[in-house]
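# Topology and contacts: notes
Spelled out, the chains give:
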Amino acid sequence: MATHQEPPLTGIRVLEFAGLAPGKLLSISVCPFAGLLLADYGALVLRLDRATTAPTTTPSDQLTRRKTSIRVDMKSAAGISLIKKLIPKVDVVIDPFRPGVLEKLGLGPDVLLGINPRVILARMTGFRRDGKYSAMAGHDINYIAVSGVLSLFGRQGERPYPPLNIMGDFAGGGAMCFIGVLLALLGRERTGRGQVVEANMVDGSAILATMPRLGLKGASWGGERGTNMLDGGAPFYETYETADGRWVAVGAIEPQFYAALLKGLNLSPSDLPGTRDNKSDWPAIKRFFADTFKSKTREEWEAIFDGTDACVTPVLTHAELEAQGFDQRPAVTLRATPGYAIQEGGEAREAAVGQGTGVEGSGWVERGLKAGDGGEETLNSWMGWTRGRQFVESKGGLEWRDGAKL
């Protein structure tokens with residue numbers, strides 16, 4: 001039986017503001033993802049949702065595993081008072097709003113750090129806080145556009161295309177915010193003090209594109225978009241359709257891997273309409289490879305290339321992976337203190353899979369977190385508060401009860 005120590009963030013308490021103001025669209029994916037990563041590694045995440053008297057429904061945010069929620073009226077002084085009284089027992093606050101919104105609520109950095117000098121305020125924006133776009137609305141496509149990253153994606157002669165919202169929202173945004181929180185927690189271990197963490201998707205995505213950016217003035221990335229080795233220009237780094245309308249991915253960059261590719265295709269270098277080292281021959285070789293891969297089904301190619309060093313793999317869809325029972329796992333494996341399991345199963349897990357029984361849906365389906373679910377239990381666990389004594393409900397949101405004692 002696998003036995004592990006608790007996840008590394010066990011005991012860390014996080015307040016995650018939901019989209020209560022003009023930052024709402026940003027918060028749908030980015031900040032909940034940072035909170036989800038924190039929760040996967042043991043942090044307790046309490047989401048602050050908007051007060052409402054309407055029937056509680058499941059929100060569109062699905063990045064909610066292991067979180068709880070309370071509804072708070074941010075327009076109420078008593079609602080703001082409740083949040084302030086939580087801050088002394090909180091380690092991290094996640095702010096998803098546009099610049100200035102939290103300050104207008106009376107919960108800016110000076111206020112929060114004044115209440116609790118150890119608190120870490122993680123602030124996520126799309127554009128830079130000090131840039132000319134700072135007051136503008138935007139989405140992933142806009143943030144990676146002004147970072148220069150979007151210009152790298154696309155086929156030769158075609159317009160740039162966005163890689164879903166993975167590059168800006170999730171990698172450059174939520175994941176970078178998560179890293180920032182971890183760095184601030186490390187800093188607090190040394191200094192005893194919290195700090196403000198400012199993450200934005202322009203800088204986050206730009207740093208992820210360090211390699212291609214540095215290669216733009218050289219041979220590796222210096223050509224027109226879609227003509228370079230890693231952006232679809234090279235015949236040995238490309239996707240190809242198979243006879244059954246599915247796809248394989250080829251990444252045979254090194255000469256020995258390229259030789260294994262040709263062997264699997266039953267080709268010799270002399271069969272090709274050019275050489276791999278002559279960039280002007282790449283288009284002709286790509287067309288030749290495309291015709292070759294269409295001669296067999298994806299399954300037939302898998303039988304040929306599986307277990308070889310040709311760097312040829314099937315392009316699997318999420319539907320295929322789910323049907324095959326592919327297990328979703330924590331982002332990284334910590335051997336002694338692994339994160340929580342995502343895939344449903346027994347308690348005894350290998351570290352790579354994670355510890356615990358997993359979550360309903362196994363990472364393929366998430367029902368979302370209803371506003372108000374589980375939050376009062378969290379308040380009791382963290383603070384010892386109970387409804388009617390420390391807090392009451394008014395206009396669909398919780399607020400501090402006048403005259404209540406901590």
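If you look the chain up in an unreviewed UniProt entry, it shows as Alpha-methylacyl-CoA racemase from Dothidotthia symphoricarpi CBS 119687.

## Section: the environment of D61
Relative to the helices and strands, D61 resides in the loop between β2 (44-50) and β3 (67-72). You can call D61 buried: its relative accessible area is 9%. As for D61 and G131, which are separated by 70 residues in sequence, their C-alpha atoms are 28 Å apart.

## Let's talk about the domain arrangement of the chain
When its domains are assigned, the chain resolves into domain 1 (13-210 + 360-400) and domain 2 (238-322). Measuring from the centre of the C-alpha atoms in domain 1 to the corresponding centre in domain 2 gives 43 Å.

## Some points on the pairing of strand β4 (residues 92-95)
Because side chains alternate across β4, one face comprises the buried residues V92 and I94, and the other comprises V93 and D95, equally buried. Pairing analysis gives 4 bridges linking β4 to strand β5 (residues 120-125), with the strands arranged parallel. Residue pairing across strands places V92 opposite I120, the latter belonging to β5.

## What to know about helix α7 (residues 166-191)
Along its length, α7 shows its largest kink, about 25 degrees, at M176. Following α7 by one or two positions, G192 has its phi on the positive side, about 80 degrees.

## Looking at the packing of aromatic side chains
Throughout the structure, instances matching the rule amount to 13 aromatic pairs. A centroid spacing of 4.8 Å and a plane angle of 85 degrees characterise the contact between F127 and Y143, whose relative ring orientation is edge-to-face. Of this pair, F127 sits in the loop between β5 and α6 (140-146) while Y143 sits in helix α6, and the two are 16 residues apart along the sequence. Of the two residues, F127 and Y143, neither departs from the other in class, the shared state being buried. Connected via pairs of aromatic rings, a cluster forms that spans F236, Y240, Y258, W282, F289, F293, W301 and F305. Geometry around Y258 places R276 over its ring, the cationic atom sitting 4.8 Å from the centre.

## Points about the pattern of salt bridges
When charged atoms on two side chains of opposite charge get close, those side chains can pair. Using the criterion set out here, one finds 22 salt bridges in the structure. A salt bridge links E393 to R71; the nearest nitrogen and oxygen atoms lie 3.9 Å apart. Within this pair, whereas E393 is found in strand β10 (residues 391-394), its partner R71 is found in strand β3, the two being separated by 322 residues in sequence. The class of E393 is partly exposed, set by a relative accessible area of 40%. Overall, R71 belongs to the buried group, its relative accessible area being 16%. Ionic pairing is found between R367 and E360, a salt bridge with its closest N-O pair at 3.0 Å. Put simply, D244, R246, R298, E302 and E320 are held in one network by salt bridges that share partners.

## Thoughts on the UniProt feature "transmembrane region" (unreviewed entry) in the chain
What UniProt calls "transmembrane region" (unreviewed entry) maps, in this numbering, to residues 25-46, 133-154 and 166-186. Spanning residues 133-154, this segment combines 32% helix with 0% strand, and its end C-alpha atoms are found 25 Å apart. Between the first and last C-alpha atoms of residues 166-186 the distance is 27 Å; the span itself is 100% helix and 0% strand.

The rules behind the values
- Residues numbered from 1 in each chain as written.
- Predicted model: local features only at pLDDT ≥ 70, side-chain atom pairs only at ≥ 80, totals over all residues.
- Heavy atoms only, no water.
- Helix = DSSP H or I, 4+ residues; strand = E, 2+ residues; numbered from the N terminus.
- Buried < 20%, exposed > 50% of the residue type's maximum accessible area, 1.4 Å probe, protein only.
- Domains from an automatic or database assignment.
- Pairing = 2+ DSSP bridges.
- Bend = angle between axes of the 7 residues up to and from the residue.
- Phe/Tyr/Trp six-rings, centres within 6.5 Å; stacked < 30°, edge-to-face > 60°.
- Lys NZ or Arg CZ within 6 Å of the ring centre and 35° of its normal.
- Salt bridge = Lys/Arg side-chain N within 4 Å of Asp/Glu carboxyl O.
- UniProt positions renumbered as here; feature names shortened; annotations may be inferred.

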